[in-house]
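# Descriptive analysis of the structure
Residue strings, one per chain:
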Amino acid sequence: MAQAPKRKEETVGKEMTGDEALAYVLHELKISKTFVSPEVPDFLREKLKGNHVEMVEAPSPRDAVILADSYARSGNDLGVALVFPSARILEAIDVIAQAYSDSVPLLIIGTLRSYRDTGRARLNELRTQDDVMASLAPFVKTRERVVTIEEITEVLEKAWKEALSNRPRPVYVEIAEDLFRLKAYPLATAGQKVEKRTPDKATAAKVAELLVNSSNPVIVAGYGVLASQAWDSVKELAELLDIPVVTTIRGKGSIPASHPLFAGEGLGLFASEGASHFLDKADVVLAVGTRFTQASTGGWSFKFKGYVVHNNIDGEDVGKVIVPQVPAIADANLFLREVIANVKQKVKEPIDRGTKSEVFAYRKLPSSESHSGLWPIDILYALNKTGYEKVYVDLSSTTFDLIRLPIERPFQWVTSETVLTPSVAVGGMVLSSNPNVVGVTTLEGALRNFGLLRSFMNVAKGKLIIANDGGSTYLDTFRSDVPLIGRKGKPNYMDEVLEGSFKAITVETYGELVSALSEPSDSLVVINAKLAEGFKSTVLPS
């Protein structure tokens, strides 16, 4: 049975089944890699392979979404997960929700068993055909259903554009499985482009005036700088006006840690010494691409004395935490380019405020009190000593000290500030082909992603550190908005499980950790870093 096209001149000129059309459109959208659940049928796999779309098979539907999420976080590329049937996507709803809050671009493609005769209690079918879409509604930017082969092109291209435009976020497309048995002429792609919100010129001019005339301006660079590829613009503006740059936790890498104007990271109680110094005396704060999250601001424990300019891609987060004197709703890079153009009309030579020498006085790793056994800060010291190409971190009570890790490049540091599920480190590491990549997770992170980690142990490369407190602590936000270390009973380190399942190397001292990290290996090495009972953090209060 075939479906007639609307106008043949709009089609690709070839009759295709639904699975052929899906593979063809993914190729046309230049999607070269997908992450598939085990239930994706062999005939679709053949079509994907024929269209040069790589498939990475995950051991479960949830793992497919984790891999797509980690792939997207690694460089702000679109992560594509094929999870069939769509009801299985609900296993990954925490991963999708975290990606939504963290502005991670995902294209999740599921299947509806049938759009014509629903409610017949098919295998893997929920009560109604709308249940999956309704469940995903709060956590996806758009959700569309495809019930004709012609719609495959239009819906997928729209979803691709929405996932990457302005604030990147997950999108969901559901394709009726009936289409895999039908034939029609799919439409050709329309060549849609990713959209970026342009800045208001008057606002950019006002911001330039404020920065030029201020005595102690500071730039706060958030993840939006990375998402919009604005790191060169941040550096250019900072160098032009000799402005110190402070990053948020996810904004690390917006400016190299070795740059003479990098002043540290964090705000409020979680600010590094340098960041705190410059923010305390700032008369103008230019906050670019940040939401002022609880994690980056120490539970919103900061106060700005001067003017605040808050740039964000949309108005969703502007004014929620702090009401800026100047809101600037635009793509971070386009906004900064406009500001720089205005500054250059006013300043012919770079300004020297003596900021570099002032920043240099604070250029040091955090110190720690004398202690026995292994503390989280020792993981930072060990990594700083042995080196790393890229770091994936699940933020927790045992890993928070790593926010002080020096980061030199965009996307060299990958984490989540939402902290809904510890999937970032394992997901990133199982995709790693570089022995110098490091992941840091928790005992919970290793156990919750047990199957995923086990499945890729023999193909992945790098070092995965389990900052193991034996489940005796947690990130406590019950007692205060300022995240604390919560403690709960005696630790159970589960050494036998980690050593037996992952061949983990157990370490209990700084020296042992450095030795394990320094040992060359051409496969994934899991390090069970047993933290001393009662350890302290250099960032989190106890």
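Refer to the structure printed above.
This structure is a prediction, so every number in the text was calculated from the model and none was measured.

### Looking at the sheet that holds strand β22 (residues 505-507)
Backbone hydrogen bonds hold the strands of a sheet together, and the pairing may be parallel or antiparallel. Pairing is parallel in the open sheet, where six strands are placed in the order β17-β16-β18-β19-β23-β22. The open sheet has two free edges, formed respectively by β17 (413-415) and β22, since each of these has just one partner strand. For this sheet, the mean angle separating the axes of adjacent strands, direction not counted, is 20°. Here strand β18 (residues 437-442) pairs with strand β19 (residues 462-468) via five bridges, running parallel.

### With respect to the packing of aromatic side chains
Summed over the entire model, instances satisfying the criterion amount to eleven aromatic pairs. Residues Phe 84 and Phe 180 carry aromatic rings whose centres are separated by 6.3 Å and whose planes lie at 35° to one another, so their mutual orientation is tilted. On the criterion of sequence distance, the pair formed by Phe 84 in the loop between β5 (79-83) and α4 (93-101) and Phe 180 in the loop between β8 (171-176) and β9 (183-184) is long-range, its members being 96 residues apart. Through pairs of rings, three or more aromatic residues link up here, namely Phe 43, Phe 84 and Phe 180. In this structure, Lys 252 is placed above the aromatic ring of Trp 413, and the distance from its NZ or CZ to the ring centre is 5.6 Å. Positioned above the aromatic ring of Phe 535, the side-chain terminus of Arg 487 is 5.4 Å from the ring centre.

### Some words on the sheet that holds strand β14 (residues 307-312)
Here we have six strands laid out as an open sheet, ordered β12-β11-β10-β13-β14-β15, and parallel in their pairing. Two strands in the sheet have a free side with no partner beyond their single neighbour: β12 (262-265) and β15 (326-329). Strand after strand, the sheet turns through a mean of 20° between neighbouring axes, direction not considered. Examined bridge by bridge, β14 and β15 share four bridges and lie parallel to one another. In the sheet register, His 310 faces β15, and the bridge partner there is Pro 327. Seen against the sheet, helix α10 (residues 273-280) touches β10 (217-221), β11 (245-247), β12 and β13 (284-288) and runs at an angle of roughly 110° to β12.

### Examining the environment of Gly 224
Within the secondary structure, Gly 224 is located in helix α8 (residues 223-227). Separated by 182 residues in sequence, Gly 224 and Pro 406 have C-alpha atoms that sit 19 Å apart.

### Concerning the pairing of strand β3 (residues 33-36)
Judged from the four bridges that link them, β3 and strand β4 (residues 54-57) form a sheet pairing that is parallel. Opposite Thr 34, over in β4, you have Met 55 as the bridge partner. Considered for its hand, the β-α-β crossover made up of β3, helix α2 (residues 42-50) and β4 is right-handed. Examined bridge by bridge, β3 and β5 share two bridges and lie parallel to one another.

### Observations concerning the pattern of salt bridges
A full pass over the atoms with the stated rule returns 34 salt bridges. Lys 344 is paired through a salt bridge with Glu 236; the nearest N and O atoms lie 2.7 Å apart. Note that Lys 344 is positioned in helix α11 (residues 332-346) and Glu 236 in helix α9 (residues 231-241), a separation of 108 residues in sequence. Since its relative accessible area comes to 24%, Glu 236 is described here as partly exposed. Beyond isolated ion pairs, a larger network of salt bridges with shared partners links Arg 62, Asp 94, Glu 444 and Arg 448.

Conventions and cut-offs
- Residues numbered from 1 in each chain as written.
- Predicted model: local features only at pLDDT ≥ 70, side-chain atom pairs only at ≥ 80, totals over all residues.
- Heavy atoms only, no water.
- Pairing = 2+ DSSP bridges.
- Helix = DSSP H or I, 4+ residues; strand = E, 2+ residues; numbered from the N terminus.
- Axes fitted to C-alpha atoms, helices over the stretch in contact; angles between N-to-C directions.
- Phe/Tyr/Trp six-rings, centres within 6.5 Å; stacked < 30°, edge-to-face > 60°.
- Lys NZ or Arg CZ within 6 Å of the ring centre and 35° of its normal.
- Contact = heavy atoms within 4.5 Å.
- Right-handed = clockwise from strand over helix to strand, strands pointing away.
- Salt bridge = Lys/Arg side-chain N within 4 Å of Asp/Glu carboxyl O.
- Buried < 20%, exposed > 50% of the residue type's maximum accessible area, 1.4 Å probe, protein only.

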